[in-house]
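# Close look at the chain arrangement
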Amino acid sequence: MNTIELFERAHEKPEMPQFGAGDTVRVHVKIKEGEKTRVQVFEGVVLGIRNRGHRGSFRVRKVSYGVGVERIFPFYSPNVEKVEVVSHGRVRRAKIYYLRKRRGKAARIREKRMQ
Amino acid sequence: MKAIVGKKLGMTQTFEESGRCVGLTVVEATPGVVVRVNSGEGGDSAGAIQVGFFETDPLKLNRPDAGQFKNLPGKKAGYKVLREFRVADAGQYKVGQEITVEQFAAGDLVDVQGRSIGKGWAGTIKRHNFARGPMTHGSKNKREPGSIGMSATPSRVHKGKRMAGQMGNKTATVQRLAVYKVDPEKNLIFIIGGVPGSRNGVVTIKETVKPRRAEA
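Residues numbered from 1 in each chain as written. Chains lettered and ligands numbered in written order. Predicted model: local features only at pLDDT ≥ 70, side-chain atom pairs only at ≥ 80, totals over all residues.

### Concerning the overall build of chain A
Tallying secondary structure elements over chain A gives one helix and five strands in all. The order of helices and strands in chain A, counted from the N terminus, is α-β-β-β-β-β. For chain A, the C-alpha atoms occupy an extent of roughly 50 × 40 × 30 Å along the three principal directions. Within chain A, buried positions represent 17% of all 115 residues. Here the analysis covers contacts within chain A between residues at least 6 apart in sequence; of these, 52% occur between residues at least 24 apart. (Helix = DSSP H or I, 4+ residues; strand = E, 2+ residues; numbered from the N terminus. Buried ≥ 20, exposed ≤ 12 C-beta atoms within 10 Å, placed from the backbone. Contact = placed C-beta atoms within 7 Å.)

### A short note on the interface of chain B and chain A
Listed as interface residues are 11 residues of chain B and, on the opposing side, 11 residues of chain A. A per-element tally of the side of chain B that touches chain A places strand 1 (residues 3–15) of chain B first, with five residues.

### Quick word on the pairing of strand 10 (residues 171–183) of chain B
All names here are of chain B. Strand direction decides the pairing type here: strand 7 (residues 109–115) and strand 10, joined by six bridges, are antiparallel. Bridge assignment links Arg 115 to a residue of strand 10, and that residue is Thr 171. Of the strand pairs in this sheet, strand 10 and strand 11 (residues 188–192) are connected by four bridges, and their pairing is antiparallel. The residue of strand 11 that forms the bridge with Val 182 is Ile 189. Hairpin remark: strand 10 followed by strand 11, antiparallel, with four residues in the connecting loop; positive phi at Asn 187, about 60°. (Pairing = 2+ DSSP bridges.)

### Let's talk about the sheet that holds strand 2 (residues 21–28) of chain B
Residues and elements named next belong to chain B. Ordered by their spatial adjacency, six strands build a closed barrel running 1-2-11-10-7-12, and the pairing between neighbours is antiparallel. Along the sheet, successive strands turn relative to each other by an average axial angle of 50°, direction set aside. Pairing analysis gives five bridges linking strand 2 to strand 11, with the strands arranged antiparallel. Bridging from a neighbouring strand, Glu 28 pairs with Leu 188 of strand 11. (Axes fitted to C-alpha atoms, helices over the stretch in contact; angles between N-to-C directions.)

### Remarks on the pairing of strand 3 (residues 32–37) of chain B
Residue and element names in this part refer to chain B. Of the pairings in the sheet, the one linking strand 3 to strand 6 (residues 98–99) comprises two bridges and is antiparallel in character. Bridge pairing links Gly 32 to Ile 99 in strand 6. Judged from the four bridges that link them, strand 3 and strand 4 (residues 48–56) form a sheet pairing that is antiparallel. Across the sheet, residue Arg 36 finds its bridge partner in strand 4, namely Gln 50.

### Observations regarding the sheet that holds strand 2 (residues 36–50) of chain A
Residue and element names in this part refer to chain A. Strand order in the open sheet formed by five strands is 4-3-2-1-5, with antiparallel pairing between adjacent strands. The open sheet has two edge strands with one neighbour each: strand 4 (67–74) and strand 5 (80–87). The sheet shows a mean angle of 40° between the axes of neighbouring strands, taken without regard to direction. The pairing of strand 2 with strand 3 (residues 57–64) spans five bridges and is classified as antiparallel. Directly across from Ile 49, in strand 3, lies its bridge partner Phe 58.

### Considerations on the domain arrangement of chain B
Quoted interface sizes are often the accessible area lost when the parts come together. When cut into domains, chain B gives domain 1 (12–22 + 101–118 + 168–216), domain 2 (32–99) and domain 3 (122–167). The centre of domain 1 of chain B, based on its C-alpha atoms, is set 36 Å off from the matching centre of domain 3 of chain B. (Domains from an automatic or database assignment.)

### Regarding the confidence of the model for chain B
Predicted confidence across chain B gives a mean pLDDT of 91, with 98% of residues reaching 70 or more. Note on the complex model: pTM 0.85, ipTM 0.79. (pLDDT = per-residue confidence, 0-100.)

### Side note on the environment of Pro 31 of chain B
Residue and element names in this part refer to chain B. Here Pro 31 lies in the loop between strand 2 and strand 3. The partly exposed category is assigned to Pro 31, around which 16 C-beta atoms lie within 10 Å. Measuring from C-alpha to C-alpha, the distance between Pro 31 and Phe 54 comes to 8.0 Å, with 23 residues separating the pair along the chain. Setting aside chain neighbours within four positions, we find Pro 31 in contact with Glu 98, Ile 99, Thr 100 and Asn 187.

### Here's the deal with unusual backbone geometry
With an omega dihedral of 5°, the bond running from Thr 153 of chain B to Pro 154 of chain B counts as a cis peptide bond. Its place among the elements puts Pro 154 of chain B in the loop between helix 2 (124–128) and strand 9 (165–167). Phi at Tyr 65 of chain A takes a positive value of approximately 50°, unusual for a residue other than glycine. Within the secondary structure, Tyr 65 of chain A is located in the loop between strand 3 and strand 4. Tyr 65 of chain A sits in the exposed class, given 5 other C-beta atoms within 10 Å. Within the chain, Asn 200 of chain B stands out as a residue other than glycine whose phi angle is a positive 70°. Within the secondary structure layout, Asn 200 of chain B lies in the loop between strand 11 and strand 12 (202–207).

Encoded structure:
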């Protein structure tokens, strides 16, 4: 193992549920307002996972008052307090960027049956 | 004067307390050895020390290089890189003394010098950020530099006119980078931001020449 991997592995791995593209998640984000920090929830569809080990991140999209909003969350960010999986969606690709062009009914994702 | 030569291992990232993500360059700098303290006599530059880095078998060096390390106390060793550093207190250094990463601490501002990644002979678009011409509609001005000057007056091209040529593979310095962390056990220095050169490239880390005004 090289030195850089060793440095990256020294970071504590945050606890995360299993999720992937198409799943709906609630991300609890720490937000600092002046002195106070509070937690805000960002709920949306996971567009894709960027697997880069310690430098990995995932992208969540939601439509807020008719405007599409996407946020990228690094897995190791201390600002990501918790991730909850709301539902698992059935999609056929790893990155579902096509969702950006779809509105309303067309933007639905079928739910995956889990045992 | 704090200075050391190391090998750029690559880049990674970490998060600050505030949650801000910072990019880090990891440099491995094994201890160097003071080879010579300049006397200042006979054309010798005074107030400087010569330091060898990257220990190697002296037989792997050519004779003139190996000869520089003949007078070192202790075991027979050679060094691949020999650098001279200006120091205010040359008298404090002794031949054979080790130069380690421990002279640096988190928060120090440093200048880092390396050899930038070579891009070969590059055109004006890549080298000087010129604009490109249209690629279609019969354009014959795809990646040309355009006009390079006037006509009969002055009948020449101005000096310093930006043109195509060798890009990269030359010495580059980045000033005022902050040290994030020093690991004396593994001889590592973590620097916030990028550093010139490829992975495994040789970089020189020095105390910055532009400290904050309050410190100067």
